Amino acid sequence: MPATMRAAVHTRFGPPEVVSVRDVPVPTPGDGELLVAVHATTVNRTDHHYRSCSPFPMRAIAGWTRPKSTVLGNEFAGIVETVGPGVQTVAVDERVFGYCEGRFGAHAEHLVVRAAGNVAAIPDGLSFTEAAPGTEGAHYALTHLERAGVAKGDAVLVYGATGAIGSAAVQLAARHLGAAVTAVCATPHLELARSLGAERVIDYTAEDFTRDDARYDVVFDAHGSPAYRRCARLLRPGGRFTSAGAGPYAQNLLWPVVTRLVGDKRAVFATPRIDQAMVRLLADLMASGAYRPVVDRTYPLEEIVAAYRYVATGQKVGNVVITVTER
Ligand SMILES: NC(=O)c1ccc[n+]([C@@H]2O[C@H](COP(=O)([O-])OP(=O)(O)OC[C@H]3O[C@@H](n4cnc5c(N)ncnc54)[C@H](OP(=O)(O)O)[C@@H]3O)[C@@H](O)[C@H]2O)c1
């Protein structure tokens, strides 16, 4: 194996152009770790936030003056190349995928991950490109749907239904949890939303979805823009609102407290979580066809700056995949 590998590196926060592809040392797996030859990864909103370090409070986790993680990338799909001491659950040559926010490093030809971490076997028949975007949007979506207590037969409205989180949420709510989903998106994406399992679609460019006559058990704002107050009238008594964002004035953080004290509708706050069991569940759902990550565009690693520019538009549909081929 060569001593160096190609990786997308940034040593300061800023626009997509702070990232460049260069040679860096190949990492070495330690106890309980795997060295994965990365075949595909993604550029997602999490990478975008860590790279730009915007909004400012991101500095508390991404680094106060310079990036803690100089190689980003939190989703990966590839082949296990070597295993560190003590690894018995994963074998060399196994095809794996997973999620590594915090450690990052997937925007590179090789990546070290914990064998007991957020990693699972890629289901047979799924390519690296299909598997790589399987975890980021889906774990946010599943955390929110579970926190809001979505149950079989519930009426669920998903706003922002074709982003990474929204497109996963529509599928997981409809096909995994058995809810009746109404998807809110723009005109060009109505058919996509239906194909993901939405029973009803609302075009937010043609009508104000908050004036909808239907009432819902759960409203999930997967885009992170309309705050609880605008959506509250859509909820049935006992209904729950959850959002992927804090709201324009961070009010979605306050509403869970307020609605605990007054009224018969609740805003809930979901803290995203992911573990190996969740990655395995997502693998099973991908194998059964209940969940398939939506892939919008694919870029080679050498063109990752263009991928970042596209993600920064806020208009990607589902996921942006980066293909990584070893030199
Ligand atoms: N909590 C966290 O740590 C965390 C992590 C990742 C992301 N997030 C947040 O979660 C939100 C969604 O993330 P994501 O990765 O799913 O985003 P994304 O993939 O970038 O979302 C893109 C989608 O947003 C839709 N959209 C654009 N403008 C819209 C508008 N004004 N109203 C409704 N939909 C609009 C577009 O579809 P249409 O054209 O059909 O509307 C597009 O398909 C973002 O606010 C992001 O910052 C939070």
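Look up: the structure comes first, before these words.
Residues numbered from 1 in each chain as written. Predicted model: local features only at pLDDT ≥ 70, side-chain atom pairs only at ≥ 80, totals over all residues. Heavy atoms only, no water.

Draft legend 1. Structural context of the sheet that holds strand 11 (residues 216-221). If you walk across this open sheet you meet the six strands as 10-9-8-11-12-13, and the pairing is parallel. The open sheet has two edge strands, strand 10 (200-203) and strand 13 (266-267), and neither has a second partner. Of the pairings in the sheet, the one linking strand 8 (residues 155-159) to strand 11 comprises four bridges and is parallel in character. Bridge pairing links Val-158 to Phe-220 in strand 11. (Pairing = 2+ DSSP bridges. Helix = DSSP H or I, 4+ residues; strand = E, 2+ residues; numbered from the N terminus.)

Draft legend 2. Here's a closer look at the site of the ligand. Residues in contact with the ligand amount to 23 residues; listed here are only the nearest, Tyr-159, Ile-165, His-189, Tyr-204 and Lys-316. Within the contact set of the ligand, an oxygen atom lies 3.2 Å away from a side-chain nitrogen or oxygen of Tyr-140. His-223 has a polar backbone atom sitting 2.9 Å from an oxygen atom of the ligand. Within the complex, 84% of the 920 Å² of free accessible area of the ligand lies under protein. Elements supplying a minimum of two residues to the shell around the ligand: helix 1 (45-52), helix 4 (136-147) and helix 5 (164-176). Looking at side-chain class alone, the shell around the ligand contains ten nonpolar, ten polar and three charged residues. Here the shell around the ligand spans two domains, and each of domain 1 (4-135 + 274-323) and domain 2 (137-268) adds at least three residues to it. (Near = heavy atom within 4 Å. Polar contact = N/O pair within 3.5 Å; in protein donor to acceptor, adjacent residues only side chain to side chain. Areas by Shrake-Rupley, 256 points an atom, 1.4 Å probe, with all protein chains shown as cover. Nonpolar A, V, L, I, M, F, W, Y, C, P; charged D, E, K, R; others polar. Domains from an automatic or database assignment.)

Draft legend 3. Focus on a nonpolar patch on the surface. A surface patch of nonpolar side chains, amounting to about 430 Å² of accessible area, comprises Leu-254, Val-257, Leu-261 and Val-262. Tracing the sequence through the fold places Val-257 in helix 8 (residues 255-261). (Patch = residues over 30% accessible without salt bridge, like charges linked within 9 Å, V, L, I, M, F, W, Y side chains within 5 Å. Salt bridge = Lys/Arg side-chain N within 4 Å of Asp/Glu carboxyl O.)

Draft legend 4. A look at helix 1. Burial of helix 1 is extensive: six of the eight residues sit out of reach of the surface. For helix 1, every residue scored as buried is listed here: Thr-46, Asp-47, His-48, Tyr-50, Arg-51 and Ser-52. At its buried positions, helix 1 is contacted by strand 3 (33-43), helix 2 (59-62), strand 5 (95-99), helix 4 and helix 10 (304-312). Where helix 1 begins, the capping side chain belongs to Asn-44, and its oxygen is found 3.1 Å from the backbone nitrogen of Thr-46. (Buried < 20%, exposed > 50% of the residue type's maximum accessible area, 1.4 Å probe, protein only. Contact = heavy atoms within 4.5 Å.)

Draft legend 5. Local environment of the pattern of salt bridges. Counted according to the given criterion, the structure contains eleven salt bridges. Among the salt bridges present, the one from Arg-103 reaches Glu-33, with a minimum N-O distance of 3.0 Å. Here Arg-103, found in the loop between strand 5 and strand 6 (110-114), pairs with Glu-33, found in strand 3; they are 70 residues apart in sequence, far enough to count as distant. Residue Glu-33 is classed as buried on the basis of its relative accessible area, which comes to 15%. Where Asp-212 meets Arg-200, a salt bridge forms, and the shortest distance between an N and an O atom there is 3.0 Å.

Draft legend 6. Seen up close, empty space enclosed by the protein. Going through the model one piece at a time under the given rule, you end up with one cavity of 30 Å³ or more. Taken as a whole, the largest cavity holds about 30 Å³ of empty space. Lining the largest cavity are Ala-8, Val-9, His-10, Val-19, Thr-70, Leu-72, His-107 and Tyr-308. Among the residues forming the lining of the largest cavity, the class breakdown is five nonpolar, three polar and no charged. (1 Å grid on protein atoms, 1.4 Å probe; cavity = no way out; pocket = protein on both sides within 12 Å on 5 of 7 lines; lining within 4 Å. Points joined across faces, edges and corners; volume = space filled by probe spheres on them.)

Draft legend 7. Quick peek at the pairing of strand 12 (residues 235-243). Sheet topology places strand 11 next to strand 12; five bridges connect them, and they run parallel. Bridge pairing links Val-218 to Arg-240 in strand 12.

Draft legend 8. Spotlight on unusual backbone geometry. Each neighbour pair has its own omega, and for Ser-54 with Pro-55 the value is 0°, a cis peptide bond. Following the sequence through the fold, Pro-55 ends up in the loop between helix 1 and helix 2. In this structure, Asp-93 is a non-glycine residue whose phi angle is positive, near 80°. Its place among the elements puts Asp-93 in the loop between strand 4 (75-83) and strand 5.

Draft legend 9. Structural view of the nonpolar core. Counting 53 residues, the largest nonpolar core has Phe-97, Leu-145, Val-158, Val-170, Leu-172, Val-181 and Tyr-291 as the members making the most contacts within it. With seven residues, the top contributor of residues to this core is helix 5. Both domains that meet at this core, namely domain 1 (4-135 + 274-323) and domain 2 (137-268), each give it at least three residues. Those residues in contact with Leu-172 that lie beyond four places of it in its chain are Ala-138, Ala-141, Leu-142, Leu-145, Leu-177, Leu-285 and Tyr-291. Grouped together as the second largest cluster of nonpolar side chains are 37 residues, Tyr-50, Val-87, Val-90 and Ala-307 included. (Core = buried A, V, L, I, M, F, W, Y, C linked by side-chain atoms within 4.5 Å.)

Draft legend 10. Layout of helix 10. What helix 10 keeps buried is the set Ile-304, Val-305, Ala-307, Tyr-308, Tyr-310 and Val-311. Contact partners of the buried residues in helix 10: strand 1 (4-9), strand 2 (20-25), strand 3, helix 1, strand 14 (295-300) and strand 15 (319-323). Gly-314 occupies a position one or two residues after helix 10 and carries a positive phi of about 75°.

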